[in-house]
Amino acid sequence: MVAQRELSEAEVDRVFHALATSTRRDILRRTIEREQSVSTLASEYEMSFAAVQKHVAVLEAANLIVKRAEGRERLVRANPEMIARARALLARYEELWRSRIARLDDLLAETPRSGSTDTSDTTKNDQGD
């Protein structure tokens, strides 16, 4: 098993920037399913080949995909290691927020509610005891 190191701040910025658009998320999803040529990817979008190449370049700069040459074609596939590292980062954020919410729940459970009174004594008195 490969040891995962933490993402640097620059890597985090590149990953979130790369995932900020639906086209790039779709390209990543498609390349997780199978390796594809850039021209095949481009054929699925209503944009120029050059625009798709730019999206691929952003994903490649974030190391979310890997591009390789095969003859005249450029083949693109997802990089599962970086996807796992990004997922681990998000899991740490989730744990941080869950622990904060749990602490808030604990504080709210400990804090007496304003305006509440103990009605057990007044109930007895009202019944003529």
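Draft legend 1. Geometry of the sheet that holds strand E3 (residues 73–78). The strand order E1-E3-E2 describes an open sheet built from 3 strands, whose pairing is antiparallel. Single-partner strands in this sheet number two, and they are strand E1 (36–37) and strand E2 (65–70). Bridge count for E1 against E3 is 2 bridges, and the pairing is antiparallel. When the bridges of E3 are listed, Gln36 appears paired with Val76.

Draft legend 2. Region of interest: the side chain of Asn79. Tracing the backbone through its elements, the reader meets Asn79 in the loop between E3 and helix H5 (80–110). At a separation of 3.0 Å, a polar atom in the side chain of Asn79 contacts the main-chain carbonyl oxygen of Asn63. Setting aside anything within four residues of it in sequence, one finds Asn79 in contact with Asn63, Leu64, Ile65 and Val66.

Rules used throughout
- Residues numbered from 1 in each chain as written.
- Predicted model: local features only at pLDDT ≥ 70, side-chain atom pairs only at ≥ 80, totals over all residues.
- Heavy atoms only, no water.
- Pairing = 2+ DSSP bridges.
- Helix = DSSP H or I, 4+ residues; strand = E, 2+ residues; numbered from the N terminus.
- Polar contact = N/O pair within 3.5 Å; in protein donor to acceptor, adjacent residues only side chain to side chain.
- Contact = heavy atoms within 4.5 Å.

None of this, on its own, says anything about what the molecule does.
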